[in-house]
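Coordinates in review
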Protein chains: 6
Amino acid sequence: MSDRKTALVVSAHAADFVWRCGGAIALHQDKGVEVTIVCLSFGERGESARLWKQEGATLETVKAVRRGEAEKAAEALGAHDLICFDLGDYPLTLDEAAKHRLVDVLRAVQPAFILTHSKYDPYNTDHMATMAFTMEARMIAQAWGHNPGEKVLGAPQMYLFEPHQTEQMGWVPSLFLDITPVWEKKRAAIECMEGQHHLWTYYTNVAENRGNHFRRNSGGQAGGRDCKYAEGFQAVFPRCVDELQ
Amino acid sequence: MSDRKTALVVSAHAADFVWRCGGAIALHQDKGVEVTIVCLSFGERGESARLWKQEGATLETVKAVRRGEAEKAAEALGAHDLICFDLGDYPLTLDEAAKHRLVDVLRAVQPAFILTHSKYDPYNTDHMATMAFTMEARMIAQAWGHNPGEKVLGAPQMYLFEPHQTEQMGWVPSLFLDITPVWEKKRAAIECMEGQHHLWTYYTNVAENRGNHFRRNSGGQAGGRDCKYAEGFQAVFPRCVDELQ
Amino acid sequence: MSDRKTALVVSAHAADFVWRCGGAIALHQDKGVEVTIVCLSFGERGESARLWKQEGATLETVKAVRRGEAEKAAEALGAHDLICFDLGDYPLTLDEAAKHRLVDVLRAVQPAFILTHSKYDPYNTDHMATMAFTMEARMIAQAWGHNPGEKVLGAPQMYLFEPHQTEQMGWVPSLFLDITPVWEKKRAAIECMEGQHHLWTYYTNVAENRGNHFRRNSGGQAGGRDCKYAEGFQAVFPRCVDELQ
Amino acid sequence: MSDRKTALVVSAHAADFVWRCGGAIALHQDKGVEVTIVCLSFGERGESARLWKQEGATLETVKAVRRGEAEKAAEALGAHDLICFDLGDYPLTLDEAAKHRLVDVLRAVQPAFILTHSKYDPYNTDHMATMAFTMEARMIAQAWGHNPGEKVLGAPQMYLFEPHQTEQMGWVPSLFLDITPVWEKKRAAIECMEGQHHLWTYYTNVAENRGNHFRRNSGGQAGGRDCKYAEGFQAVFPRCVDELQ
Amino acid sequence: MSDRKTALVVSAHAADFVWRCGGAIALHQDKGVEVTIVCLSFGERGESARLWKQEGATLETVKAVRRGEAEKAAEALGAHDLICFDLGDYPLTLDEAAKHRLVDVLRAVQPAFILTHSKYDPYNTDHMATMAFTMEARMIAQAWGHNPGEKVLGAPQMYLFEPHQTEQMGWVPSLFLDITPVWEKKRAAIECMEGQHHLWTYYTNVAENRGNHFRRNSGGQAGGRDCKYAEGFQAVFPRCVDELQ
Amino acid sequence: MSDRKTALVVSAHAADFVWRCGGAIALHQDKGVEVTIVCLSFGERGESARLWKQEGATLETVKAVRRGEAEKAAEALGAHDLICFDLGDYPLTLDEAAKHRLVDVLRAVQPAFILTHSKYDPYNTDHMATMAFTMEARMIAQAWGHNPGEKVLGAPQMYLFEPHQTEQMGWVPSLFLDITPVWEKKRAAIECMEGQHHLWTYYTNVAENRGNHFRRNSGGQAGGRDCKYAEGFQAVFPRCVDELQ
């Protein structure tokens, strides 16, 4: 375990970490935070429509392509580590073994904060299952009697990254993160996702519009901070501070 | 207008600022933030039962006592300024003139953040009226066409301080502030409120228990920060940040 | 002021108290509780379509008919008192004078509990205005400095009676009251409302179905209490008890 | 009053109808629905920062420019009528006279549906005040005893158009409207708003991304409808239908 | 697979489809929509109290009676198909095999819309489990990589039918369906449920009162549509439309 | 089965029943209600940090200590029975066998009411799992076809006891129970929890502050009931009553 500050992303499918927190990953890596990404699946069955329309597609070929894209994207973002759990998707198989594997990662990484999916998602039950799964794993990793002797996890914040169709998910951002300095990296990572061209513009629009929200919430035309691109996150737990801002 | 960072508290009745954010006031003053307190009323009719039980009590004598207590408490906290709007209470008279007066204060103070009551309070409609009133005044103060030429207000965060019976108010803290360094000052301010002895222990208990929440949310037994006393606040708007923590 | 237990109903329009809590009124009168009904208006403009379709209708003739129906209904229920504020409807004129008048009634009656409308009603803003108005009047009546010397109000529960289209109003019953013993009285009161025939069956159905809910929640087929007719109410404040049941 | 189907937009400030439902206006006009727009104010004080930064600006010059832009935009959308109430903004003066004026418009227009602001908006209290004001006016217009003899209003749906920062407003779209056929008109209307260049791209992004939501909710890659631009609306009341779809 | 429009009902227990959407089934069949009903269980353990009180009752005899009633009811409604999964009830056994079976039905039927239970039900966890199960199966059926080669499911709306005690379930109807033309069929189906006589009147009352809501929401006394019986449904997803109404 | 009134507590970990409803247990025992406590686990892994820091700790030694403390606490409260399911914690293993075991207890005890955890708890998923588990077991115990011949469970109220950090759990008390007469017993039980000293003061503060809430909600300075210590509970189901209070 390194002495550097660390963070952990738990992504249901291979591409989620790119669209939803690619900026946060690149930005924190630039600041010296080591970001580990866990992909629970490759999104091979449910998020690879274009690949399945190609002749001869099999689960293995689709997974291979998706894995390749995820690796390229993680590299484009400068992520410290990418761990593919390969649990299968639609639905994810979130069994005992998977749970302990995530607990092990949490304890090994000792993240200062965790990024994962929204609490509710009627379109994609894998997403909300991932959030619940991560919340449970965090609790287990905090238990002194779970694998006694290991370093116990503290109380890392959980940030829920932006889902598709936020309003239907009941997701409300509690903060906006300025990702302007790393936008080019996020866009490069987005462009690794060749099977989902239709989302490139979509998430570029999202980043631009969240930039507008950043500007407005930091003061707007009366002293607001300039910001071209941003990402939104919803904090699960209250923060502990020594000063208000 | 000073060059120092400033903050504004909007308190429905004379004592609210003591119980609910006395620690925040003292702490920020210690850090060089100038905190101005606006008391919309003295709580003369609705929160002075003990005084009214004394023979010969009149609105003026009750207000005088309450004003005195508020001034002593503000002094104990080291507050930069205490402004009493004297609007009457139960209910507050929140008319056009009062609104413009608060807008003027907002523009004069240019607070980095605002502290006020919760959004809902079925026990005390003055409290929720104060929150709505402050939210509207903040909007007016941001309008370039309101008293053109004056310095327009930016986008200060609104922090809703802790109401009595939090769960009934739908109030959820999004942060805990460590007020241990200034606890003695807050307790001294609390003890200025001679008519409300029954609340001294109550709000001391609250501060201790919020300290427990601070410790737990900062890591608990696995690296949590020590903290004896804390206050909780609910942020109304999303924050704008350059880094997650 | 009598020594008997008392209750207060605050009804936006003349007929609301019949449909929504006529059973509670009759039942408590039977138990020796004196129930006072305040009708803020006659529902003359907004709830008297049939009367307005008659030739020669004027505000005065409509109000007279509605007043007559309300009086007959109150009598059918055995209500202790019916006070018509005659504030006008659609919308109600809830000014300072009206507020103090309701505060005066609250102090004079000293109700053990208050019955009024739901918190939200997008169909009928008079209803939600009545709830907010009653909540504020209750607070003022509790203030020791409001008309000092008068007997101050305690902390009577507020029960929100059943609105039309409950789900759209966000109304959730926290209790069901068995009104079987007084059903005939409620039905008789309902039949006083000659201009709203279409609601007679509607509210009879409601009473029957709430009876089903009473049976089910008291044990259903495994020991549930028999009950043919019931009314539902949502409590605003927590109860204080010496035993759980 | 025409025999054609009609609709009514109630916009707090001069530009709101453009960003938030310009597509709906143009689309329905194309379908033969007469759309009347009520602007309660010009947004002269609160939404004209750029104009106020120009030397010599006065309330009258700013209002004149904003009125001109609103008229040009309404024309670009082909709106049937634009009515400026000129009530002042930040805050709107929503008095008795204004209320009756809106009731008169509702009765004269007899809209099949109404478009207005979201229920909650902590950034802009004018927006939520407009929604509450419209809801109340709708109720009054439905009262048979209000100006007896006039044609009474039915039960037009209220659609809440998209606010800025939807998640903070608790706004959830219940439908997406395909505005692709009239996008050029909406964009032309947007470009009439010369003082708010920074919002042109913002609302173009919104329209594109709502188009994505339309495609996905109509079937996505498995038979979804093509749609390039859409607007989202939240219905206040349940619909009445003869068939599910 | 037929060329006709289809719909799918997913009912936790044998009788749910009758009480909650019998009208919708009969109505759409009359309109040429083929409605398939999946009963996950017969409600043999939890909803057959009367049968269990008879001497000699066994799981098999109870299931046989309940199956017979369900078949008669489906016939009375003219349903296209009734599929009994026979998973056991109280609780339902919603395992992997059951899930794939429902996915297979979804793909075979290709419903234009799905009818199922409410999201929450503290009285009957089978009901909410059924909703979650259906939501997940819908997602799997949409995955191109699940059983590649099969026709992938589009994005059928999910309509949540009316639970018992709607307010406790947080169920809010977003539409009312006029079932007057098929009321006799629904009533006939209801009368097939011989073990639950106490619900016959209950659900007749519900249908009448929802008819009242239909009339009111379509215009009430000012042009509302006549409707004697209706059913309410809550849509899970936003609709995609070309025109507002 | 005794003829006396009974109650059941379902506690996720060994100490929960002490902090959260120790007063209710002691109070009802004093009133002749037999209270049975089910501890699903000892909290051996997740709530025994201090024990794990001791040299030589093993799962068995930790469980033994925790069991001892739980037994002493139950005795201090005078509880009728303490049943330890020993399912393991962090996470609880809530399998089929455990479920049937709880159903058996419910049927054997036939509680008039059930006390358990809050519906939501992002810090401790064992707590919310326990609530869901209890809700499902209650439903099964009500099924006439589950183990036919046994006495079927009625419809006991579920009271959710106070979680740690109530606001984050969405827990809202619907009643306060005066536990002043048994406070010494609760405090004695608290002092049995030697591994969690830091919570002794915390839950004493909670009891004192809930006492304040009791006084205020029963009338405050105008006739409120004296009460030094109280516990809060949230009712899941509506109550069935013959009179309002």
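Calculation criteria
Residues numbered from 1 in each chain as written. Chains lettered and ligands numbered in written order. Predicted model: local features only at pLDDT ≥ 70, side-chain atom pairs only at ≥ 80, totals over all residues. Heavy atoms only, no water. Helix = DSSP H or I, 4+ residues; strand = E, 2+ residues; numbered from the N terminus. Rg over C-alpha atoms; globule rule 2.2 N^0.38 Å. Contact = heavy atoms within 4.5 Å. Areas by Shrake-Rupley, 256 points an atom, 1.4 Å probe, with all protein chains shown as cover. Lys, Arg positive; Asp, Glu negative; His and termini not counted. Charge placed at Lys NZ, Arg CZ, Asp CG, Glu CD. Least-squares fit on C-alpha atoms with pLDDT ≥ 70 in both. Buried area = accessible area lost by both parts, 1.4 Å probe. Salt bridge = Lys/Arg side-chain N within 4 Å of Asp/Glu carboxyl O. Pairing = 2+ DSSP bridges. Buried < 20%, exposed > 50% of the residue type's maximum accessible area, 1.4 Å probe, protein only. Core = buried A, V, L, I, M, F, W, Y, C linked by side-chain atoms within 4.5 Å. Polar contact = N/O pair within 3.5 Å; in protein donor to acceptor, adjacent residues only side chain to side chain. Axes fitted to C-alpha atoms, helices over the stretch in contact; angles between N-to-C directions. Parallel < 35°, antiparallel > 145°, perpendicular 65-115°, else oblique. Left-handed = near helix turned anticlockwise from the far one by under 90°. Nonpolar A, V, L, I, M, F, W, Y, C, P; charged D, E, K, R; others polar. Phe/Tyr/Trp six-rings, centres within 6.5 Å; stacked < 30°, edge-to-face > 60°. Lys NZ or Arg CZ within 6 Å of the ring centre and 35° of its normal. pLDDT = per-residue confidence, 0-100.

With that settled, the discussion passes to the overall build of chain A. A tally of helices and strands in chain A yields 8 helices and 8 strands. Radius of gyration (C-alpha) of chain A: 18 Å, near the 18 Å computed for a compact globule of 245 residues. For chain A, the proportion of contacts with a sequence separation of at least 24, taken over those separated by at least 6, is 76%. For chain A, the computed accessible surface area is about 7,900 Å², with 48% contributed by carbon and sulfur atoms. Seen as two clouds, the 26 positive and the 32 negative side-chain charges of chain A have centres 4 Å apart.

Attention now moves to the relation of the copies chain C and chain F. Screw-axis analysis of chain C against chain F gives a translation of 0.0 Å along the axis, an RMSD of 0.0 Å, and a rotation angle of 180 degrees. Taken together, these values place the two copies in the relation of a two-fold axis. Using C-alpha coordinates, one finds that chain C approaches the rotation axis most closely at Ser174 of chain C, a distance of 4.5 Å. Here 100% of the interface residues in chain C have copies in chain F that are interface residues too; the copies meet face to matching face.

What follows is about the interface of chain A and chain B. With 40 residues of chain A in contact, the opposing surface of chain B contributes 40 residues. Of the roughly 3,200 Å² buried between chain A and chain B on both sides combined, carbon and sulfur atoms contribute 57%. If you sort the residues of chain A by the area they bury against chain B, Arg239, Asp242 and Leu244 of chain A come out on top, with a joint share of 23%. In this assembly, chain A and chain B are joined by 4 salt bridges. For Lys5 of chain B, the salt bridge goes to Glu243 of chain A, with nearest N and O atoms at 3.7 Å. Elements with a contribution of two residues or more to the side of chain A that touches chain B: α1 (16-30), β4 (113-116), β5 (157-161), β6 (175-178), α8 (198-217) and β8 (239-241) of chain A. Pairing between β8 of chain A and strand β6 (residues 175-178) of chain B: 3 bridges, direction parallel. By the bridge assignment for β6 of chain B, Cys240 of chain A is matched with Phe176 of chain B.

This brings us to the arrangement of the chains. Here chain B and chain E are not in contact; the least distance found between their C-alpha atoms is 17 Å. Nothing in chain D touches chain F; the tightest C-alpha to C-alpha distance between them is still 17 Å.

Summed over all chains, the structure comprises 90 salt bridges over all chains. Between Asp178 of chain F and Arg225 of chain F there is a salt bridge, with its nearest N and O atoms 2.7 Å apart. Of the two residues, Asp178 of chain F is situated in strand β6 (residues 175-178) and Arg225 of chain F in the loop between α8 (198-217) and β7 (230-235); the sequence distance between them amounts to 47 residues. When its relative accessible area of 35% is taken as the criterion, Arg225 of chain F is described as partly exposed. The network of salt bridges with shared partners includes Glu60, Lys63 and Asp86 of chain A.

What follows is about the nonpolar core. Ranked by internal contacts, the top residues of the largest apolar core, which has 103 residues, are Leu102 of chain A, Leu102 of chain E together with Leu102 of chain F. If you look at the next biggest cluster of nonpolar residues, it comprises 102 residues, including Tyr120 and Ala143 of chain B together with Leu8 and Met128 of chain C.

To continue, consider unusual backbone geometry. The linkage connecting Tyr90 of chain C with the following residue, Pro91 of chain C, adopts the cis geometry, with an omega of 0 degrees. Positive phi outside glycine occurs at Gln165 of chain E, with the angle close to 60 degrees. Within the secondary structure, Gln165 of chain E sits in the loop between β5 (157-161) and α6 (166-169). At Tyr90 of chain F, a residue that is not glycine, the phi angle is positive and equals roughly 50 degrees. By the secondary structure assignment, Tyr90 of chain F is in the loop between β3 (81-84) and α4 (96-109).

So, on to the environment of Ala57 of chain E. Tracing the sequence through the fold places Ala57 of chain E in the loop between α2 (49-52) and α3 (59-77). With residues up to four places along the chain from it excluded, the contact list for Ala57 of chain E reads Leu51, Trp52 and Val62 of chain E.

So, on to the relation of the copies chain A and chain B. Once chain A is rotated about the relating axis by 180 degrees and shifted along it by 0.0 Å, it coincides with chain B to within an RMSD of 0.0 Å. A shared binding surface is used by both copies, with 100% of the interface residues of chain A retained as interface residues in chain B.

Here the focus is the interface of chain C and chain F. Often, the extent of an interface is quoted as the loss of accessible area on bringing the components together. Chain C puts 40 residues into the contact, and the matching count from chain F is 40 residues. Buried area between chain C and chain F, summed over both chains or domains, comes out near 3,200 Å², and the portion from carbon and sulfur atoms is 57%. Contact with chain F buries surface across chain C, with Arg239, Asp242 and Leu244 of chain C losing the most and accounting together for 23% of the total. The tally of links from chain C across to chain F stands at 4 salt bridges. In this structure, Arg225 of chain F and Asp242 of chain C form a salt bridge, with 3.0 Å as the shortest nitrogen-oxygen distance. Our count for the chain C to chain F interface comes out at 18 residue pairs in polar contact (both at pLDDT 80 or more). If you list the elements that add at least two residues to the side of chain C that touches chain F, you get α1 (16-30), β4 (113-116), β5 (157-161), β6 (175-178), α8 (198-217) and β8 (239-241) of chain C.

Below, the discussion takes up the packing of helix α1 (residues 16-30) of chain F against helix α7 (residues 183-190) of chain F. When two helices pack together, their arrangement is captured by the angle between the axes and the distance separating the axes. All names here are of chain F. Where α1 contacts α7, the two axes come as close as 9 Å, and the packing angle between them is 135 degrees. By the angle between their axes, α1 is oblique relative to α7. For the pair α1 and α7, the sense of crossing is right-handed. Contacts between α1 and α7 involve Val18, Trp19, Arg20, Gly22, Gly23, Ala26 and Asp30 from the first element and Lys185, Lys186, Ala189 and Ile190 from the second. Taken together, the residues of the contact of α1 with α7 sort by class into 5 nonpolar, 2 polar and 4 charged.

Strands in a sheet are paired, the pairing made by backbone hydrogen bonds, and the direction either parallel or antiparallel. Pairing is mixed in the open sheet, where 8 strands are placed in the order β8(C)-β6(F)-β7(F)-β5(F)-β4(F)-β1(F)-β2(F)-β3(F). The strands lining the two open edges of the sheet, one partner per strand, are β8 of chain C together with β3 of chain F. On average, each strand axis in the sheet is inclined to that of its neighbour by 25 degrees, with strand direction left out of account. Looking at chain direction, strand β1 (residues 6-11) of chain F and strand β2 (residues 34-39) of chain F are connected through 6 bridges and run parallel. Within β2 of chain F, the position partnered with Leu8 of chain F by the bridge is Thr36 of chain F. In the packing of α1 of chain F onto the sheet, the strands contacted are β1, β2, β3, β4 (113-116), β5 (157-161), β6 and β7 of chain F, and the crossing angle to β7 of chain F comes to about 100 degrees.

What follows concerns the packing of aromatic side chains. Within the structure shown, the criterion is met by 36 aromatic pairs over all chains. Ring centres of Trp183 of chain A and Tyr229 of chain A lie 4.2 Å apart, and the angle between their planes is 5 degrees; on these two criteria the pair is classed as stacked. Note that Trp183 of chain A is positioned in helix α7 (residues 183-190) and Tyr229 of chain A in the loop between α8 and β7 (230-235), a separation of 46 residues in sequence. Of the two residues, Trp183 of chain A and Tyr229 of chain A, both sit in the buried class. An aromatic cluster of at least three residues, connected via ring pairs, comprises Trp19, Tyr202 and Tyr203 of chain A. Of note, Lys53 of chain C hangs over the ring of Trp144 of chain D, and the distance from its end group to the ring centre comes to 4.6 Å.

Quick look at the side chain of Lys186 of chain B now. Residues and elements named next belong to chain B. Along the chain, Lys186 turns up in helix α7 (residues 183-190). Take Lys186: its relative accessible area is 3%, and that puts it in the buried class. Within the local environment of Lys186, its side chain forms a polar contact with the side chain of Glu231, the two groups lying 2.6 Å apart.

The next subject is the side chain of His127 of chain B. All names here are of chain B. As for its placement among the helices and strands, His127 is situated in helix α5 (residues 125-141). For His127, the side chain forms a polar contact with the side chain of Asp16, separated by 3.3 Å. Aside from chain neighbours lying at most four places away, what touches His127 is Ala12, His13, Asp16, Arg20, Glu47, His117, Ser118 and Asp121.

We now examine the confidence of the model for chain A. Here chain A shows a mean pLDDT of 96. Residues at 70 or above account for 99%. The complex prediction reports pTM at 0.97, with the ipTM value standing at 0.96.

Here the focus is the sheet that holds strand β3 (residues 81-84) of chain E. Strands sit in the order β8(D)-β6(E)-β7(E)-β5(E)-β4(E)-β1(E)-β2(E)-β3(E) across an open sheet of 8 strands; the sheet is mixed. Only two strands of the sheet have a single neighbouring strand rather than two, namely β8 (239-241) of chain D together with β3 of chain E. Averaged over all neighbouring strand pairs, the angle between strand axes comes to 25 degrees, with direction disregarded. Contacts from helix α1 (residues 16-30) of chain E reach β1 (6-11), β2 (34-39), β3, β4 (113-116), β5, β6 (175-178) and β7 (230-235) of chain E, with the element oriented near 100 degrees to β7 of chain E.

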